[in-house]
Amino acid sequence: MTPKLHPARPGSPWRAVAIAAVSSLGAVGALSAPRLGIPAVVAVAIAGGAAALTVLCLPSFSTRRASVLVLGVGALGALRHAALPSSDSHLVVFWAMATLVALVLVDRADAESTPALVGAPPLAPRVSEAARAAVAIGAVVAMLSVAVVPTLTRELGRQEWLGKIPTLGDVQNSPGSLRASHELDMTNRPRLTDTVVFTVDAERPDFWRGEVFDVWNGVGTWSRSDDSYVTLARSDGTVPLVLDPYDVGAQRGEEMQQTFYLESRFSQLIFAAPSAVEVNTDLVLVGRPDGTAGVLRGLGQGAVYTVTSKNLKPTADVLRAADATPLPAPVRTRYAQVPLASERVRALAESITRDAATTYDKIRAIEAWLGANTEYSLDAPLSPKGVDVVDHFLFDSRLGWCEQVASSLVVLARSVGIPARLATGFVPGERDGLAGRFVVRENDAHAWTEVFFPGVGWQGFDPTASVPLAGDAPTNGSWFDWARDHVATFALVLGGIVLAVGAAPDLIARARRRVRRRNSWPARALVRLEKVGRASGRPRQPAEGPGEYARVLAAGIGDERLVAVGAVIDRDAFSGSGTSEDARAHADAVLSELTGRPRRE
Amino acid sequence: MFRTSSTAVHGPGDFTLTSVVLFTLGAYGIAAGSVTSDQTVVAIGVFAFVLFAIGLVWPIVILARVSVEVVAPSDGAVGDEVPLRIIVRGRTDRVEVRVLDPPGRWWRTAVPGVGTMPHLATRRGVFDEVRVQLRTSAPLGVFVRVRQARVRMPEPITIAPSARPAAAVLYPIGDEALMTDPVPASVAGGDTVRAVRPYVPGDPARLVHWATSARLGELVVREHDPPAAQGLALVVDLSGPDEWGDEAASYAAGMGRAALAGGGVVLLATREREGPVCARVLDARDLGRRLARAVAGPPADVPAGWPQRVVRALDFGTVP
């Protein structure tokens, strides 16, 4: 009869449950900490402490029910807080495993409260049972998740949604990087937080472009040469954008769809990987001639829209060959005119690009020069009032953030007749392993350069950091996508693990039995009997048992004692009762005498 | 215990609170995922649903692969805890087992495993099979799968009635009556032989001591010490409802035990499944076995000269 223990008493199986529950709830605490705005340590301590108290300190309530309920509450928290944008996929996986183990241990602890049959073998250790169950079930969960989660998400998930209507406060408190503007003032230092602004479901990373600027005032402000916009017509929920007629990639490029989920309370811009061609939304959009779009009244939190972009994904060779195509006059006029820049800036551009043969090589040369001679810092000193920011950055401070670096590339490129413009938006962000989405935060705001290549269109260059060309970008998304792409390998490895885990106990037991048999008395006695036989010129035949072989030897050697030795070996090896120690000793004595060597203990 | 009539004690299984929690989470997760398009939320929903499904299927598969054997002692009595040896074969971490008739408590064991459980005997009779329930909710506690099996035991168990306290009046039994003592139904012998003496005409043939007679060359007969001179014939008629019959058997057991304890000879007339039986009982265990085998129906006739004490089930209908 198993005595009932208070859950908290030493030896109680509920202690193991409490440890697993604390781990599970602790993970939920860590998940929720960013959203609740409290330190992770505090959240983990509160959640874990609550779990421990619930499991161990409610003796008046069924411990099993209390444990299951607290795990259920934890799961609700996971559902609430694991949702983007504050998720950490590893924490979600940790939570899932801890919950799984906790459920196994709860059932085990409940079973342990039942009395054991008198004389029955003890149950397997808790850790062993929990580990085996967790591995097996975890494997099944992983396989099924890989099979159904992406499909379910795609089939059930919304691809467009209006979101909440933003309030005046939402508009006022929204980050500048989400608001449409007529100009970009580079004399202010950006104040960027870690807040997630939106997430993007896309097959590959890209710059999420919001606006472009093509007019540099020679001091510190970018603006547009054509600041007009038109209201875009919508048909069947699809809004075609205004396309740049000379952007070949936007017309003939490879399609890529991106679904944007707005987490910020307000956004006036439609972000998209260049070059966006249409948007699936019920919103009323306005479009600019440069191909960017926005929403006059703004988008609210929860808004979802899907953008289709096209890009030729050119390689370096394609871009080098683009010089063979003449530059369209309108592009030259608008984007390649010599900018308002100091003489030394233009001279610098000439000197950097003097040895470069193609437009692409010239851009690369300027990028290389910027990389070698300037440094990135958000704490760079602001340029003095009225001073050309680009000139100051290139010759005086040589310290700046993306806006200065990208502006310098545009100004330097234009100084040598290359059509270029400044693009603003966000870098791809960090991809969430479980959700497969790019999580874009406020501090992912970025500015980069777009250069026009005849026959190709606008191509982004990021002089601030080394960003691969779109054509070189990886295409894997979430862990589920990766697993689907490697399903054969995945299945093999998983099968191997399951087989290994399942077969290991049997293999170990078999090996132990083999070792035991090898070291058993009959095995050792048979070896010695065979030695006697070999010495007498009659080795044992494969089909001969010990008794039979001993009789043959007894007749051959003329020592009838061997018959008894064979019988003792047979009995010891094959009868359930075995033989007495005296019989073994007698057989050993006979064998020792015949082999001339005492038995090894 | 070991009641052969079926009793509804359990269904094929029960869902637990864990199943409700997991199912709700799964549904909520997938529904929420359909709103947010968040793959993480959908993954959590799928996780909960898969746990629910595994927790449902796993115990069913486990129990389908487990078999059980029961070995019982040869004798027991109503009201005693009978030690039943339970042998569970298969391959899983653990199951719980209990014996029905009446439903006993659950006992756990590793599988494969052998152990003993005490089980309260509540009904008299001879039983060669027993209903056993196996259950498990491993590994997740989502679904408690219960499987019932009717297990035939290698040897039957005889459950004697509990002996109800009763007084027995012993009557003198004449030699003629003793001579008509039928062959005992159970093992022969039991009287203590004091000596042998030469045969005289009129001695019952059963008293001849053949071995000594052969050795001496003349017939000798056994002399018993003390001679079985007191006793009674218990006539047990269990015709009537089962409960009344059990009461009557219990009363007869008490009376028979009292008579045996007083040194009397007890002749028991009952009806067994094979027909009426009238035989002398040797000891309390023999008495219990005979009464365990007794069934409803007219008992055997008692030889002439035996004082009779009749116990009828119908007389116990109003016994509180």
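Calculation notes
- Residues numbered from 1 in each chain as written.
- Chains lettered and ligands numbered in written order.
- Predicted model: local features only at pLDDT ≥ 70, side-chain atom pairs only at ≥ 80, totals over all residues.
- Helix = DSSP H or I, 4+ residues; strand = E, 2+ residues; numbered from the N terminus.
- Buried ≥ 20, exposed ≤ 12 C-beta atoms within 10 Å, placed from the backbone.
- Contact = placed C-beta atoms within 7 Å.
- pLDDT = per-residue confidence, 0-100.
- Core = buried A, V, L, I, M, F, W, Y, C linked by C-beta atoms within 7 Å.
- Pairing = 2+ DSSP bridges.
- Expected span 1.5 Å × (residues − 1).
- Arc of directions from axis to C-beta.
- Nonpolar A, V, L, I, M, F, W, Y, C, P; charged D, E, K, R; others polar.
- Right-handed = clockwise from strand over helix to strand, strands pointing away.

1. Some words on the overall build of chain B
Piece 1. Tallying secondary structure elements over chain B gives six helices and 14 strands in all.
Piece 2. Each of the 320 residues in chain B was classed as buried or not, and the buried ones make up 45%.
Piece 3. Taking all contacts inside chain B whose residues are at least 6 apart in sequence as the whole, residues at least 24 apart take part in 72%.

2. Some details on the confidence of the model for chain B
Detailed reading of the predicted model is not advised wherever pLDDT is low.
Residues and elements named next belong to chain B.
Piece 1. For chain B, the average pLDDT comes to 85, and 88% of its residues sit at 70 or higher.
Piece 2. For chain B, helix α3 (residues 175-179) is the element with the lowest average pLDDT, namely 66, and strand β2 (residues 67-71) is the one with the highest, namely 94.
Piece 3. In this model, residues 1-10 is a region of pLDDT below 50 whose contacts with residues beyond four sequence positions or in other chains number 21 contacts.
Piece 4. Predicted confidence is poor over residues 183-190, with pLDDT under 50, and the contacts of this stretch with residues over four places away or in other chains come to 10 contacts.
Piece 5. ipTM for the predicted complex: 0.75, alongside a pTM of 0.68.

3. Quick look at unusual backbone geometry
Piece 1. A cis amide bond links A:P274 to the next residue, A:S275, at an omega of -5 degrees.
Piece 2. Look at the link from B:D101 to B:P102: it is a cis peptide, with omega at -10 degrees.
Piece 3. Tracing the backbone shows B:P102 in the loop between β4 (81-99) and β5 (107-120).
Piece 4. Residues other than glycine seldom take positive phi values, yet A:K313 does so here, at roughly 50 degrees.

4. What to know about the nonpolar core
Piece 1. Of all hydrophobic cores here, the largest spans 136 residues; its most connected members are A:V17, A:A21, B:L234 and B:V236.
Piece 2. Counting residues per element, this core draws most heavily on helix α2 (residues 39-64) of chain B, at 15 residues.
Piece 3. Leave out the neighbours within four places in its chain, and A:V17 touches A:V55, A:S67, A:A102, A:L105, A:V106 and A:A109.

5. Looking at the confidence of the model for chain A
Piece 1. Mean pLDDT for chain A: 86, with 95% of residues reaching 70 or above.
Piece 2. Residue range residues 466-475 of chain A is modelled with pLDDT below 50. Its contacts to residues more than four positions away, or to other chains, number 13 contacts.

6. Some remarks on the environment of A:A365
Residue and element names in this part refer to chain A.
Piece 1. Within the secondary structure layout, A365 lies in helix α11 (residues 359-373).
Piece 2. In this structure the C-alpha to C-alpha distance between A365 and R354, which are 11 residues apart in sequence, comes to 9.4 Å.
Piece 3. Ignoring any residue separated from it by four or fewer positions in sequence, one finds A365 in contact with I352, T353 and A356.

7. Considerations on the pairing of strand β9 (residues 266-270) of chain A
On a regular strand, one side chain projects to one face of the sheet and the next to the other, so that they alternate.
Residue and element names in this part refer to chain A.
Piece 1. Where burial is concerned, most of β9 is hidden: five out of the five residues are buried.
Piece 2. Judged from the four bridges that link them, β9 and strand β12 (residues 293-300) form a sheet pairing that is antiparallel. Its bridge partner lying in β12, L269 is registered against G294.

8. What about helix α19 (residues 581-595) of chain A?
Think of an α-helix as 3.6 residues a turn; residues three or four steps apart then line up on the same face.
Residues and elements named next belong to chain A.
Piece 1. If you check α19, its first and last C-alpha atoms are 21 Å apart, about what 15 residues at 1.5 Å a residue would give, namely 21 Å.
Piece 2. Those residues of α19 lying buried are A587, V590, L591 and L594. Axial view of α19: buried residues confined to an arc of 95 degrees, hence all on one face. Exposed residues pointing more than 90 degrees away from the buried face of α19 are listed as E581, D582 and A585.

9. What about the interface of chain B and chain A?
Piece 1. Between chain B and chain A, the contact holds 45 residues from the first and 51 residues from the second.
Piece 2. Among the elements of the structure, α1 (17-36), α2, β4 and β5 of chain B are those that each provide at least two residues to the side of chain B that touches chain A.
Piece 3. When grouped by side-chain class, the residues that make up the side of chain B that touches chain A number 26 nonpolar, 14 polar and five charged.

10. Observations regarding the pairing of strand β12 (residues 265-272) of chain B
Residue and element names in this part refer to chain B.
Piece 1. The element β12 is extensively covered by neighbouring structure, given that seven of its eight residues are classed as buried.
Piece 2. Traced from strand β11 (residues 230-237) through helix α5 (residues 242-261) to β12, the parallel crossover comes out right-handed.
Piece 3. Both β12 and strand β13 (residues 275-281) contribute to a ladder of seven bridges, which runs antiparallel. In the sheet register, L268 faces β13, and the bridge partner there is A279.
Piece 4. The antiparallel hairpin formed by β12 and β13 contains two residues in its connecting segment.

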